[in-house]
Amino acid sequence: MTEQCISKEIMFPVEFYDVDPMRIVWHGNYVKYMEKARCALLDSLDFGYLEMEKIGVAFPVTDIKLKYIKSLRFGDMVRAVARLIEYENCIKIVYELYNAATGELTTKAQSTQMAVDIKTNESSFFVPALFLERVQKALAAL
(Lines give C-alpha, C1' and ligand atoms only; values in the text may rest on other atoms or scores of the structure.)
Protein backbone atom coordinates (compact mmCIF):
# COMPACT_ATOMS: atom_id res chain seq x y z
CA MET A 1 0.00 0.00 0.00
CA THR A 2 1.37 3.42 -0.97
CA GLU A 3 1.26 6.16 1.67
CA GLN A 4 -0.94 9.08 0.70
CA CYS A 5 0.82 12.32 -0.05
CA ILE A 6 -0.37 15.89 -0.37
CA SER A 7 0.79 17.41 -3.62
CA LYS A 8 0.24 20.47 -5.76
CA GLU A 9 0.96 21.05 -9.42
CA ILE A 10 1.40 24.43 -11.07
CA MET A 11 2.30 25.63 -14.55
CA PHE A 12 4.20 28.75 -15.54
CA PRO A 13 6.33 29.98 -18.44
CA VAL A 14 10.08 30.48 -18.36
CA GLU A 15 10.40 34.24 -18.47
CA PHE A 16 13.15 36.14 -20.28
CA TYR A 17 14.50 37.58 -17.01
CA ASP A 18 15.15 34.02 -15.75
CA VAL A 19 17.59 33.08 -18.51
CA ASP A 20 21.25 33.67 -19.26
CA PRO A 21 22.57 35.04 -22.58
CA MET A 22 22.19 31.55 -24.12
CA ARG A 23 18.45 31.62 -23.21
CA ILE A 24 18.91 28.78 -20.69
CA VAL A 25 17.43 29.15 -17.22
CA TRP A 26 20.16 30.34 -14.86
CA HIS A 27 20.75 27.60 -12.26
CA GLY A 28 19.80 29.80 -9.27
CA ASN A 29 16.32 30.38 -10.65
CA TYR A 30 15.38 26.74 -10.09
CA VAL A 31 15.24 27.58 -6.37
CA LYS A 32 12.73 30.32 -7.25
CA TYR A 33 10.69 27.74 -9.18
CA MET A 34 10.73 25.49 -6.11
CA GLU A 35 9.46 28.43 -4.05
CA LYS A 36 6.56 28.99 -6.47
CA ALA A 37 5.52 25.35 -6.11
CA ARG A 38 6.08 25.36 -2.33
CA CYS A 39 3.89 28.47 -1.91
CA ALA A 40 1.12 26.87 -3.99
CA LEU A 41 1.32 23.69 -1.87
CA LEU A 42 1.25 25.57 1.45
CA ASP A 43 -1.55 27.86 0.21
CA SER A 44 -3.59 24.76 -0.71
CA LEU A 45 -3.35 23.81 2.98
CA ASP A 46 -4.39 27.35 3.99
CA PHE A 47 -1.02 27.68 5.68
CA GLY A 48 0.89 30.17 3.57
CA TYR A 49 3.50 32.59 4.84
CA LEU A 50 0.92 35.14 6.05
CA GLU A 51 -0.85 32.47 8.08
CA MET A 52 2.48 31.41 9.59
CA GLU A 53 3.17 34.99 10.58
CA LYS A 54 -0.28 35.31 12.21
CA ILE A 55 0.50 32.45 14.60
CA GLY A 56 4.04 33.71 15.25
CA VAL A 57 6.08 31.12 13.42
CA ALA A 58 8.50 31.24 10.50
CA PHE A 59 9.76 28.28 8.49
CA PRO A 60 13.23 29.12 7.20
CA VAL A 61 14.77 26.74 4.70
CA THR A 62 17.45 24.64 6.38
CA ASP A 63 18.41 22.40 3.47
CA ILE A 64 18.01 22.30 -0.30
CA LYS A 65 19.05 19.57 -2.71
CA LEU A 66 18.88 20.00 -6.49
CA LYS A 67 19.56 17.59 -9.34
CA TYR A 68 19.68 19.24 -12.75
CA ILE A 69 18.75 16.74 -15.46
CA LYS A 70 17.94 18.85 -18.51
CA SER A 71 17.89 22.60 -19.04
CA LEU A 72 14.76 24.66 -19.29
CA ARG A 73 14.85 27.45 -21.85
CA PHE A 74 13.18 30.76 -22.56
CA GLY A 75 9.64 30.14 -23.78
CA ASP A 76 9.28 26.68 -22.21
CA MET A 77 6.20 26.03 -20.13
CA VAL A 78 7.14 24.49 -16.78
CA ARG A 79 5.01 21.96 -14.93
CA ALA A 80 6.13 21.96 -11.29
CA VAL A 81 4.96 19.30 -8.85
CA ALA A 82 5.53 19.69 -5.10
CA ARG A 83 4.85 16.81 -2.68
CA LEU A 84 4.80 17.11 1.10
CA ILE A 85 6.69 14.07 2.37
CA GLU A 86 7.35 15.04 5.99
CA TYR A 87 5.35 17.33 8.23
CA GLU A 88 5.53 16.40 11.93
CA ASN A 89 9.01 17.59 12.90
CA CYS A 90 9.75 19.77 9.89
CA ILE A 91 8.35 20.53 6.46
CA LYS A 92 10.06 18.42 3.81
CA ILE A 93 8.93 18.79 0.21
CA VAL A 94 10.14 17.03 -2.92
CA TYR A 95 9.83 18.72 -6.29
CA GLU A 96 9.83 17.66 -9.90
CA LEU A 97 10.04 20.20 -12.71
CA TYR A 98 9.01 19.15 -16.20
CA ASN A 99 9.06 20.69 -19.63
CA ALA A 100 5.28 20.71 -20.06
CA ALA A 101 5.41 20.47 -23.87
CA THR A 102 7.69 17.43 -24.01
CA GLY A 103 6.85 15.86 -20.65
CA GLU A 104 10.57 15.55 -19.91
CA LEU A 105 11.70 15.67 -16.30
CA THR A 106 14.22 18.52 -16.05
CA THR A 107 14.89 18.87 -12.33
CA LYS A 108 14.50 16.93 -9.09
CA ALA A 109 14.78 18.76 -5.79
CA GLN A 110 14.02 18.67 -2.10
CA SER A 111 13.72 21.32 0.60
CA THR A 112 13.53 21.14 4.38
CA GLN A 113 12.11 23.89 6.57
CA MET A 114 12.16 24.08 10.35
CA ALA A 115 9.71 25.94 12.59
CA VAL A 116 11.12 28.98 14.39
CA ASP A 117 9.29 31.17 16.92
CA ILE A 118 9.29 34.68 15.45
CA LYS A 119 9.49 36.46 18.82
CA THR A 120 12.18 34.35 20.49
CA ASN A 121 13.99 33.12 17.36
CA GLU A 122 14.04 29.64 18.96
CA SER A 123 13.85 26.56 16.78
CA SER A 124 11.19 23.95 17.36
CA PHE A 125 11.54 20.25 16.69
CA PHE A 126 7.81 20.03 15.97
CA VAL A 127 5.54 21.88 13.58
CA PRO A 128 2.73 23.99 15.07
CA ALA A 129 -0.47 22.10 15.94
CA LEU A 130 -2.45 24.21 13.45
CA PHE A 131 -0.23 23.10 10.57
CA LEU A 132 -0.51 19.46 11.63
CA GLU A 133 -4.31 19.79 11.79
CA ARG A 134 -4.46 21.28 8.29
CA VAL A 135 -2.27 18.51 6.88
CA GLN A 136 -4.34 15.81 8.56
CA LYS A 137 -7.54 17.40 7.22
CA ALA A 138 -6.11 17.46 3.68
CA LEU A 139 -4.98 13.84 3.98
CA ALA A 140 -8.43 12.77 5.19
CA ALA A 141 -9.93 14.43 2.09
CA LEU A 142 -7.77 12.36 -0.29
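Above this text sits the structure in question.
Everything in this summary refers to the structure shown in the same document. (Residues numbered from 1 in each chain as written. Predicted model: local features only at pLDDT ≥ 70, side-chain atom pairs only at ≥ 80, totals over all residues. Heavy atoms only, no water.)

A word on the overall build of the protein chain
Now for step 1: The helix and strand inventory of the protein chain stands at three helices and seven strands.
Now for step 2: Listing every helix and strand of the protein chain by position from the N terminus yields β-α-α-β-β-β-β-β-β-α.
Now for step 3: Taken over C-alpha atoms, the radius of gyration comes to 16 Å for the protein chain, in line with the 14 Å a tight globule of 142 residues would show.
Now for step 4: Put simply, the protein chain has 142 residues, and 38% of those count as buried.
Now for step 5: When contacts within the protein chain are restricted to residue pairs at least 6 apart in sequence, long-range pairs at least 24 apart make up 65% of them.
Now for step 6: On the protein chain, roughly 8400 Å² of surface is accessible, and the fraction owed to carbon and sulfur atoms is 55%.
Now for step 7: Taken as two groups, the 17 positive and 19 negative side-chain charges of the protein chain have centres that lie 5 Å from each other. (Helix = DSSP H or I, 4+ residues; strand = E, 2+ residues; numbered from the N terminus. Rg over C-alpha atoms; globule rule 2.2 N^0.38 Å. Buried < 20%, exposed > 50% of the residue type's maximum accessible area, 1.4 Å probe, protein only. Contact = heavy atoms within 4.5 Å. Areas by Shrake-Rupley, 256 points an atom, 1.4 Å probe, with all protein chains shown as cover. Lys, Arg positive; Asp, Glu negative; His and termini not counted. Charge placed at Lys NZ, Arg CZ, Asp CG, Glu CD.)

Observations regarding helix 3 (residues 129-141)
Now for step 1: Counted at 1.5 Å a residue, the expected span for helix 3 with its 13 residues is 18 Å, and the 18 Å between its end C-alpha atoms agrees.
Now for step 2: When helix 3 is considered as a whole, its buried residues turn out to be Phe131, Val135 and Leu139. Axial view of helix 3: buried residues confined to an arc of 70 degrees, hence all on one face. Turned more than 90 degrees away from the buried face of helix 3 sit Ala129, Lys137, Ala140 and Ala141, all of them exposed.
Now for step 3: Among the structural elements, strand 1 (6-13), helix 1 (29-44), strand 4 (77-86) and strand 5 (91-99) are those in contact with the buried residues of helix 3. (Expected span 1.5 Å × (residues − 1). Arc of directions from axis to C-beta.)

What about the sheet that holds strand 4?
Now for step 1: Pairing is antiparallel in the open sheet, where five strands are placed in the order 1-4-5-6-3. Pairing within the sheet leaves two strands with one partner each, and these edge strands are strand 1 and strand 3 (61-68). Each strand of the sheet is rotated relative to its neighbour by a mean of 15 degrees, with strand direction disregarded.
Now for step 2: Bridge analysis of strand 1 against strand 4 gives eight bridges, and the strand direction is antiparallel. (Pairing = 2+ DSSP bridges. Axes fitted to C-alpha atoms, helices over the stretch in contact; angles between N-to-C directions.)

What to know about the pairing of strand 5
Now for step 1: With eight bridges connecting them, strand 4 and strand 5 associate as antiparallel partners. Within strand 5, the position partnered with leucine 84 by the bridge is isoleucine 93.
Now for step 2: Here strand 4 folds back onto strand 5, and the loop between the two strands holds four residues.
Now for step 3: The pairing of strand 5 with strand 6 (residues 105-113) spans eight bridges and is classified as antiparallel. From the neighbouring strand, tyrosine 95 faces strand 6, where its bridge partner is alanine 109.

Concerning the environment of lysine 54
Now for step 1: Position of lysine 54 relative to the elements: it lies in helix 2 (residues 49-54).
Now for step 2: Here lysine 54 falls in the exposed class, since its relative accessible area comes to 68%.
Now for step 3: Along the sequence, lysine 54 and lysine 67 sit 13 residues apart, while their C-alpha atoms lie 34 Å from each other.

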